[in-house]
Amino acid sequence: MVILKSDKEIEMMRLAGRLAEKTQDYVAGRLHPGMTTEEVNTLAHDFILRHNAVPAPLNYKGFPKSICTSINHVVVHGIPGPQKIEDGDIIGVDVTVILDGYYGDMCRTYLIGAVPAEARRLVEATERAMYLGIEAAQPGARLGDIGFAIQRYVEELGFSVVRDFVGHGIGRNFHEEPQVKHYGQQGRGMRLRRGMTFTIEPMINQGVWQVRVLEDGWTAVTADGKLAAQFEHTIAITDDGPEILTCADASLANRFKR
């Protein structure tokens, strides 16, 4: 069942979303070659606690860290640890905070140092695909319109959309209905209504869309060892269109529109 949010609840989610964005900005300014993903985790963890919030991933279904860090061929749910970030890497940093009982969920993929052109192209396409998906999330539209917009764009560029992981409803719970696929058919699926809140978080692969999960039960990597990238925002459906709850400056999103 989809839980429609009141204006007050959306305001609470907006505050949580802004903190997720601030956490990303804080981490982004400190990423550098040679640091470990454990150090990235500590930066985010301490920042979230200083702002009277809780890192949602920590101990969620047994996940051992406060954020996810996914380097190069890691698609999603990478566990921070001793691995060092190297010059030329791309790294996805997925941050979810709980502030006053409400969740804000956001992921960015960062370019570290001198990143090869093809990796940069993948990251830029993934970010644009996310915004195209958000643009399609208009009141009265269908869930399939979101996936269609993302899939059409990235496949025209020769990339592929991961099927195994999808966006999700969010609010006072980390994961709610609906599931938001990043592929699909236009005009299909649930109709979007005012008060719906969910994530759009495409995971785009350089090669095939298939993934495999490692023995730790969390880390998902590309089946062919090629690169993957992810971007994510939490949005709310309003009468005026989609509102990005994890982006304080709407002009940043507007530049990605067609």
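None of these values were measured; they are calculated from a predicted model.

The next thing to look at is the side chain of Thr234. As for its position among the elements, Thr234 is in strand S14 (residues 233-238). What makes Thr234 buried here is its relative accessible area of 1%. From its side chain, Thr234 meets the backbone oxygen of Asp105 in a polar contact 2.8 Å long. Once you skip the residues sitting within four places of it in the chain, Thr234 turns out to touch Met13, Gly104, Asp105, Ile170, Phe198, Thr199, Glu243, Ile244, Leu245 and Thr246.

All right, on to the pairing of strand S2 (residues 68-71) then. A two-sided burial pattern is seen for S2, the buried positions comprising Cys68 and Ser70 on one face and Thr69 and Ile71 on the other. Inspection of the sheet shows S2 paired to strand S4 (residues 90-99) by four bridges, in the antiparallel sense. Along S4, the bridge assignment pairs Thr69 with Val93.

Moving on: the side chain of Ser70. Within the secondary structure, Ser70 sits in strand S2. In terms of polar contacts, Ser70 uses its side chain to reach the backbone amide nitrogen of Gly78, at 3.3 Å. In this structure, Ser70 is in contact with Val75, Val76, His77, Gly78, Ile90, Ile91 and Gly92, ignoring residues within four places of it in sequence.

With that settled, consider helix H3 (residues 117-136). With 20 residues, H3 extends 29 Å between its outermost C-alpha atoms, agreeing within 8% with the 28 Å of an ideal straight helix rising 1.5 Å per residue. All buried positions along H3 are accounted for by Ala119, Leu122, Val123, Ala125, Thr126, Ala129, Met130, Tyr131, Leu132, Gly133, Ile134 and Ala136.

On to the sheet that holds strand S6 (residues 160-161), then. Overall, antiparallel pairing links the three strands, which are arranged S6-S10-S13 in an open sheet. Looking along the sheet, the strands with just one partner apiece sit at the ends: S6 and strand S13 (228-230). With two bridges connecting them, S6 and strand S10 (residues 203-205) associate as antiparallel partners. Of the residues in S10, the one forming a bridge with Val161 is Ile204. The sheet strands contacting H3 are S10 and S13, and the helix crosses S13 at an angle near 35°.

Relative to the helices and strands, Pro57 resides in the loop between strand S1 (54-55) and S2. On the basis of relative accessibility, which here comes to 7%, the residue Pro57 falls in the buried class.

Moving on to the sheet that holds strand S11 (residues 211-213). Taking strand neighbours across the sheet as the criterion, the three strands line up as S3-S12-S11 in an open arrangement whose pairing is antiparallel. In the strand order of this sheet, the two ends are held by strand S3 (74-76) and S11, each with one partner. The mean inter-strand angle of the sheet, taken between neighbouring strand axes irrespective of direction, is 40°. Bridge count for S3 against strand S12 (residues 220-222) is two bridges, and the pairing is antiparallel. Residue pairing for S12: Val76 is matched across the bridge by Ala220.

As a further point, take the pairing of strand S15 (residues 241-244). In this sheet, S15 lies alongside S14 in antiparallel orientation, the contact comprising four bridges. In the strand pairing of S15, Ile235 is matched with Ile244. Between the end of S14 and the start of S15, which pair antiparallel, lie two residues.

Criteria and cut-off values
Residues numbered from 1 in each chain as written. Predicted model: local features only at pLDDT ≥ 70, side-chain atom pairs only at ≥ 80, totals over all residues. Heavy atoms only, no water. Helix = DSSP H or I, 4+ residues; strand = E, 2+ residues; numbered from the N terminus. Buried < 20%, exposed > 50% of the residue type's maximum accessible area, 1.4 Å probe, protein only. Polar contact = N/O pair within 3.5 Å; in protein donor to acceptor, adjacent residues only side chain to side chain. Contact = heavy atoms within 4.5 Å. Pairing = 2+ DSSP bridges. Expected span 1.5 Å × (residues − 1). Axes fitted to C-alpha atoms, helices over the stretch in contact; angles between N-to-C directions.

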